[in-house]
Structures are given as structure tokens and as C-alpha cells.
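What follows is each chain in one-letter form.
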Amino acid sequence: TWGEIHGRAKRISNALKGMGVKPGDRVATLAWNTARHIEAWYGIMGMGAVCHTLNPRLFPEQLCYIINHAEDKVLFTDLTFLPVLLEHRAKMLSVKHVIVMTDAAHMNDAAYPGALCFETLLEGHSADCVWGDFDENTACGLCYTSGTTGNPKGVLYSHRSTLLHGFAANAAD
């Protein structure tokens, strides 16, 4: 339910704070459309950090460029992308923590040494977290172009622009 997502997202916020993530820091996601992804999305933005969604269809070199250019501190990922991330991990200079969006039963430490398990991380943090208390023009989302005309370029979205976009998308044509 949305209530459960809210509580779990606040746990993510507290976990990120515990890792030293502060408002304005970029946190990347390389994941499919899942409940865990939306929990991470809200948890990142709710605490004032910037959710940087990565396009899984980009070449690894482009992903590494984007991650470094954005200076992502944490990377949430699905199990699907672990082989590519492991192969190119040394090129992701700004990433301090990798969180695999799975439970302990499916987590394989050998597949990605040092990676953290999403569900285990949530279990260790409270849902008691204050969200907001920042200007509506604060950045909340970051997306990059596909890089068809050179290196990909970043586009930053604010909380205000995201809310207005949601209103427009739900309005009648």
C-alpha cells in the first residue's frame, strides 16, 4: 500500500543519512520499475537528496561517465545489473556505497563484494524521519540525455517542477 511505501521510504532516508548522504547529494538508481525502486525514489527525494535515475539501456562507458559527472555517492541497483557494475566498478569514482534491491535470501556477496542488501538495510533503520523543510525549488531529480550528440547532458528537476508535471499529466487533454 502507499502507507507501506511511505514507511519504507522513510527508512531509506534514514539509511542514507547514516551513510553520510546530505541534502543536495546525488543518489543513483539503476533499476527496473519495482516497489523497491519507488521506495528508494521517495526516500532519496524526501530527505532532500537528488534521485539520479540511470538509463539501463546505455552503454557501460556512458553509465560510468554519467555517474562520475553527477558525482553520485550511492547507487541502488537491481540484481540484473550486477555483472556490468562489477566489471566497471573501478571507473565509478564517486560511488561510496552500492545497494542491491533484493532480500537477504537472494543477496550473493560474492557477486558484488561490499554491496549492501536493500531489505537488510531497511530492517536496521526506523521510519521516524522528518521529510521536507526545504524550498520547493530544491533539486529532486536528475536525468541525462542519451548522448547521441556527444557526452550525455544532465537535466535537473525541482520538487516544484515535478509536482507541476504531475498535475499536468493528470489534467484532461
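Relevant structure appears above.
Okay, so let's go over this structure. Computed from a predicted structure; not experimentally measured.

**Examining the overall build of the protein**
In terms of regular secondary structure, the protein is built from 6 helices and 7 strands. Listed N to C, the secondary structure of the protein is α-β-α-β-α-β-α-β-β-α-β-β-α in terms of helices and strands. Against the compact-globule benchmark of 16 Å for 173 residues, the protein has a radius of gyration of 16 Å, which places it among compact chains. Along the longest, intermediate and shortest principal axes, the C-alpha atoms of the protein span 45 × 45 × 30 Å. Residue burial in the protein is summarised as follows: out of 173 residues, 42% are buried. Taking as baseline every contact in the protein between residues at least 6 positions apart, the subset at least 24 positions apart corresponds to 63%. Total accessible area on the protein stands at roughly 9,300 Å², and carbon and sulfur atoms take up 57% of it.

**What about unusual backbone geometry?**
Within the chain, E71 stands out as a residue other than glycine whose phi angle is a positive 60°. Structurally, the position occupied by E71 is in the loop between helix 3 (60-70) and strand 3 (74-77). Look at D133: it is not a glycine, yet its phi comes out positive at around 65°. When you line up the elements, D133 lands in the loop between helix 5 (118-123) and strand 6 (139-144).

**Points about the state of the cysteines**
One pass over the full model with this rule turns up 0 disulfides. Counting only cysteine sulfurs, C143 is the nearest neighbor of C51, a cysteine outside any disulfide, at a range of 8.3 Å. Left without a disulfide partner, C129 is nearest to the cysteine sulfur of C51, which lies 15 Å away.

How each quantity is defined
Residues numbered from 1 in each chain as written. Predicted model: local features only at pLDDT ≥ 70, side-chain atom pairs only at ≥ 80, totals over all residues. Heavy atoms only, no water. Helix = DSSP H or I, 4+ residues; strand = E, 2+ residues; numbered from the N terminus. Rg over C-alpha atoms; globule rule 2.2 N^0.38 Å. Buried < 20%, exposed > 50% of the residue type's maximum accessible area, 1.4 Å probe, protein only. Contact = heavy atoms within 4.5 Å. Areas by Shrake-Rupley, 256 points an atom, 1.4 Å probe, with all protein chains shown as cover. Disulfide = S-S within 2.5 Å.

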